[in-house]
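What follows is each chain in one-letter form.
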Amino acid sequence: MSSFWSIATVTTVVLVVLGTILVSVVTLLRIMQQSLKKQVASRYHADEILMQEGMANFFGLESKGVWQCRGNGALVLTGDTLHFFMLQPRSELVIPLHAIRSGQLVRSHLGKTVFRPLLKVHFELHGKSDSAAWYVHDPQTWLDKIASLQDRKSTRLNSSHT
């Protein structure tokens, strides 16, 4: 009977530890999301934001290669900007819509994949071409919205699927 109580005790301790870890991780994620929301709100008024993904998964800049830090953060689309606020390491990528040359849905970027479509934009900043990709919940809607904004400003986004 003592081995039963030993197993029950170990099982209980393991479940309590796992539960504590889970609660801690969820709490930390909520704190991080609140931090991102405050960062976005400090930069943009609510009526400027046309689309927003609170935890977009950034797959990196093509110019930085495969060894760069990828990460999560807030992706925001306004009437003239695609803006990514990376959580850790804290950084920002601001792409004016007029700088975006094309956009597409891809399955991978820089050799990384989540086996779902990614939003990828090709852009030119400061005379240099680059691209960036994100996993967002509805990448086609993002692509369509960027294209419609560019159409309104007489710039055409070439939407293609690969």
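Refer to the structure printed above.
These figures come from a predicted structure and were not determined experimentally.

Reading the values: rules and limits
Residues numbered from 1 in each chain as written. Predicted model: local features only at pLDDT ≥ 70, side-chain atom pairs only at ≥ 80, totals over all residues. Heavy atoms only, no water. Helix = DSSP H or I, 4+ residues; strand = E, 2+ residues; numbered from the N terminus. Expected span 1.5 Å × (residues − 1). Buried < 20%, exposed > 50% of the residue type's maximum accessible area, 1.4 Å probe, protein only. Arc of directions from axis to C-beta. Salt bridge = Lys/Arg side-chain N within 4 Å of Asp/Glu carboxyl O.

Undergrad: Give a detailed account of helix 2 (residues 139-152), specifying residues and quantitative values.
TA: Given a rise of 1.5 Å per residue, 14 residues ought to cover 20 Å, and the 20 Å separating the end C-alpha atoms of helix 2 matches this to within 8%. Within the span of helix 2, buried status applies to P139, W142, L143, I146, A147, L149 and Q150. Taken around the axis of helix 2, the buried residues stretch over an arc of 160°, which confines them to a single face.

Undergrad: How would you sum up the pattern of salt bridges? Please name residues and give values.
TA: Under the definition given, this model contains one salt bridge. As a salt-bridge pair, E92 and R43 come within 2.8 Å of each other at their nearest N and O atoms. Of this pair, E92 sits in strand 4 (residues 91-96) while R43 sits in helix 1 (residues 2-43), and the two are 49 residues apart along the sequence. We classify R43 as partly exposed; its relative accessible area is 42%.

Undergrad: With reference to specific residues and values, describe unusual backbone geometry.
TA: Despite not being glycine, L110 has its phi angle at roughly 55°, a positive value. The topology assignment puts L110 in the loop between strand 5 (100-109) and strand 6 (112-125). Overall, the relative accessible area of 22% leaves L110 in the partly exposed class. Positive phi values are uncommon outside glycine, yet F115 reaches one of about 60°.

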